[in-house]
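Summary of structural features
Letter by letter, the chains look like this.
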Amino acid sequence: MRVMNIEGIITWLLKIVLSPQVFAPIVFPGLLTALMVLLIIIWAERKIAARVQMRVGPLYVTRRLGGVLQMLADGARYMFQEFIIPDSADKTPFVVAPVMALTLAIVPFAFIPSAPGFVPIKSQYSLPAVLALISTIPLSVMLMGWASNNKFAIQGAVREAFMGLAYEAVVFLSALAMGLLYGTLDLEEAVTKQWLPGLLLNPIAAFTFFVGMVMSAGKLPFDIVEGEQEIVAGPYVEYSGIIFGIGMGLAYLKLYSLTLIYSILFLSGWNPVITPLYSIYPGLAGIFLFIKSFLLMLFIVFLRAVYGRYRLDQALRAGWRVYLPLSLIAVLLSIFLRVVNIV
Amino acid sequence: MSGGEKVKVLEETFTRLGVQVSVLDRRVRVIALPESLRKVAEEALSLGFDHLVSIEGIDWPQNNTIEVVYHAESYNDDLRSLLLEIRVRVPRDNPRLESLIDVWPNAILLERETWEMLGVVFEGNPDLRHLLLPPWWSEIPPLRKDYKVQEEGIYVDLE
Amino acid sequence: MSTSSENGVVYSRLIAKEGDESIYELFIGPQHPSSGHMRFIVRLEGDIIVSVDPDIGYVHRTMEKLAEGREVIKAIPLLERMTIIDSHNVTLGLVLALEKLLDVEAPPRAQYLRVLLSEINRISSHLYGLGIAGIMLNHSTMFMWAFGDREVWIQLAEDLTGARLTHTYSVPGGVRRDMPQAFPERAEKAIRYMERRLKDYMEIFLDNPQVRSRYEGVGVLKKSEASRLGIVGPNLRASGVKYDARLAEGYAAYPDLEFEIPMREDGDCLARMQVRVEEIRQSMSLIRQVIKKLPQGPIFAEKYTRLLPPAIRQQVAQTGQVKFPGIFASLKLPEGDAVSRVEMGHGEIFYHVTGAGSTKPYRLRVVTPSFRNVILFRYLMPGHRFMDFPAIYGSLDYFPPEGDR
């Protein structure tokens, strides 16, 4: 009988936790980092909007730090609020749909590499896999709207379906353009092939992916799904308690995954790699990737202070008449750059 | 045409219709009968008074009549400082008047308000239902003088 | 009912339609973040609005009946609450009608001071309208900026009258308080600040291409329709009709002052918002003129101040704060009636006061501009998309407490 000593158990545990398969989706840039980003980015959105609008924003929760932990207080409040399920709602989908949405928003982290060689599932097709997973989130939102059995919720679900039609093709084609340019659909190799950031190699694809990203995450000027002035929070209208908090945070999680992909494809990912950090532990070298995507998120939430909301048919028209042809042109540009052997 | 001359023209037109006209300080007051109301209104429309400002009902219980007062206004440059006032009296226990929607379209909401507040029925108005009062209102029209507002005392005794 | 527009108005749009099973009915009810204090029954066919029925009356405060039950001088603070954001213009109409009935005239200095407060209130009311239009498009910056800048004007009004919103400034015979010494400098500072801010508003809201795409060509009101339906205010002037009750009636000191009536021809939502911004500029120029041309003299009519004891009369002349003579508590209205029209921020308000020889008015009729504009909800909406509904609502500047009285 082998003797198991404490040292052996601790080493075994550490090996499991620090393996890419556990560290990346759970700690960084996965679940825990995502939740912390959620905390900070919503606070940052409110603070930035407040500064533009001549007011102060959240202040009182941790007064010395400028109210940073406001969202923690909000989250705690949601935890203690009663989760009411309406009688006329369809109970199982009503409860399952937001949980499904949250899971689908976290699963893409299984494919996103955060440092060279540090990815939970190494696959040649990580880019289409991530995009496919992100594009299933609208299905769960529609399920939320349908299960609520409320006219405003159904209107919101229908709007989500329409918006999905508007941006999906744009996002896919722009990502495909970059895949053609780098000659690979693997996110890790896409970073190594970028001797210039993808933004400068194919600016058209960068632009259309950016707009598609804003549409997908439902940020102003495209926050049509939760249009408060017409349909009162859309599909989330019947939800209360922590599920409502999850629903509100869902858009930001989607935004986080998409900005990570944007940084990998267009902003040369985790370059420059800090070699000392890399030699300590590879997962930590992804700090630049995280900083880039966070700055991009800050810019996107700043747009709230500038724009109003577009009408649904205007967003659809923009998606199909402007951005889809532009992304096709981006594909052609990528083909041209490959032929001329720039990459 | 100056203001004074325009007033003369108005006076003459309405006197020709056989109704009582008087002028008080930029208001041309016409006292009409319920039968001649429509003719007066159409004449006013042709003169340029193309919309109503207000329809008002005044309750005179001592004469047993309700007086309905129409104020018409015009945006034209020469008529805009004048107001045309048409007064009609209807019996208090059966107040019925012809609806003037096809002469002045914005009477549609004003007549609704006068109906619910004073009980004057405008025949021909397709939309006579409660506007400001709640739909379950079952008492007499509130702007009549015999409608007593129920008041509550401030002081309450312990029973 | 003819459906043609031979009279200038399409009659089929004036009646609310019920529709069959393919119509989707939504109650934008009073429990809604952006319906105001009223309910809309919106009938949709797909995404196109078929009809909208505005269901007003949720804040009906029975002001006409209340005014019949109390002395006429008490009707002034009562009616002020109809449109509290614009309170001087609302009561000025009543005061003018009472002055006609009681045969008293306000001295010239009081007339100029009335213009001063009217214009400050007009700016405040238009800023409120701009803010609400902004938040209807979810443009929170416009909302916050407009309401923050309103504070400047409310504080100016507080300097002049002592109260932020409930001024009760005009009384039959004059005004209640004189202008303080430091007022002209503060007004000039406020005007210069507002001129800078108006440029910011144009950049972020009215010249913002995204907002323009929501507003251009939406909710078009033709000139003939506007005139036929009796629409008032900036909604009328944006459709090309040059009408302003300040010109038509010529009350207070307006005949001596120079101002323009901003107008647009398009009649869509953008035109209405632009007219409001232009009117703010005109109001600021009027305030400058009033401060320059303000004549010296008493602020309360001689007919009433000679009823005060001499010591109080001197106090009134020195401090500039008016004391009412005892007769004001039981002011008797003679037999007869009077009308008056005043231009508020939202449009023209109409008063008709009938007296019967007692201290209480026999009948007080008031038609507010929002009540005259309600018909636009039913008239403009059919044929637009559902998301145009808040855009049109915001641009009409409808104020429910004023519409319901």
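Everything numeric here is computed off the predicted structure, so don't read it as measured data.

Before going further, it helps to examine the overall build of chain A. The helix and strand tally for chain A stands at 16 helices and 0 strands. Over its C-alpha atoms chain A spans a radius of gyration of 21 Å, differing by no more than 12% from the 20 Å that the globule rule assigns to 343 residues. Dimensions of chain A along its principal axes, counting C-alpha atoms only, are 65 × 55 × 45 Å. Residue burial in chain A is summarised as follows: out of 343 residues, 46% are buried.

Our next topic: the interface of chain C and chain A. It is common to give the size of an interface as the accessible area that goes away when the parts come together. Contacts between the two partners involve 23 residues from chain C and, on the opposite side, 23 residues from chain A. Sorting the residues of the side of chain C that touches chain A by element identifies α5 (140-161), α7 (209-215) and α16 (388-396) of chain C as the ones contributing at least two each. It is α5(C) that provides the largest number of residues to the side of chain C that touches chain A, a total of 5 residues. The residue makeup of the side of chain C that touches chain A, split by class, is 12 nonpolar, 9 polar and 2 charged.

Glancing now at the interface of chain B and chain C. Contact with chain B, which involves 24 residues of that partner, is made by 27 residues of chain C. Taken together, the elements giving at least two residues each to the side of chain B that touches chain C come down to β3 (51-60) and α3 (107-118) of chain B. The element contributing the most residues to the side of chain B that touches chain C is β3(B), with 6 residues. Here the residues of the side of chain B that touches chain C sort into 14 nonpolar, 5 polar and 5 charged.

The next subject is the nonpolar core. Counting 259 residues, the largest nonpolar core has A:Tyr262, A:Ala315, B:Val68, B:Leu84 and C:Ala97 as its most contacted members. Not counting chain neighbours up to four residues away, the residues in contact with A:Ala315 comprise A:Met163, A:Ala166, A:Met215, A:Phe222, A:Ile224 and A:Tyr310.

The next thing to look at is the sheet that holds strand β3 (residues 48-55) of chain C. All names here are of chain C. An order of β1-β2-β3 is seen for the 3 strands of this open sheet, with the pairing classed as antiparallel. Of all the strands in the sheet, the pair left with one neighbour each is β1 (24-28) and β3. Averaged over neighbouring strand pairs, the angle between their axes works out to 20° when direction is ignored. The sheet contact formed by strand β2 (residues 39-45) and β3 spans 7 bridges and is antiparallel.

UniProt's feature table lists "domain: NADH-quinone oxidoreductase subunit D" (unreviewed entry) at residues 139-405 of chain C, given in the numbering used throughout. Note that residues 139-405 of chain C is 49% helix and 9% strand, and that its end C-alpha atoms are spaced 30 Å apart.

Reading the values: rules and limits
- Residues numbered from 1 in each chain as written.
- Chains lettered and ligands numbered in written order.
- Predicted model: local features only at pLDDT ≥ 70, side-chain atom pairs only at ≥ 80, totals over all residues.
- Helix = DSSP H or I, 4+ residues; strand = E, 2+ residues; numbered from the N terminus.
- Rg over C-alpha atoms; globule rule 2.2 N^0.38 Å.
- Buried ≥ 20, exposed ≤ 12 C-beta atoms within 10 Å, placed from the backbone.
- Contact = placed C-beta atoms within 7 Å.
- Nonpolar A, V, L, I, M, F, W, Y, C, P; charged D, E, K, R; others polar.
- Core = buried A, V, L, I, M, F, W, Y, C linked by C-beta atoms within 7 Å.
- Pairing = 2+ DSSP bridges.
- Axes fitted to C-alpha atoms, helices over the stretch in contact; angles between N-to-C directions.
- UniProt positions renumbered as here; feature names shortened; annotations may be inferred.

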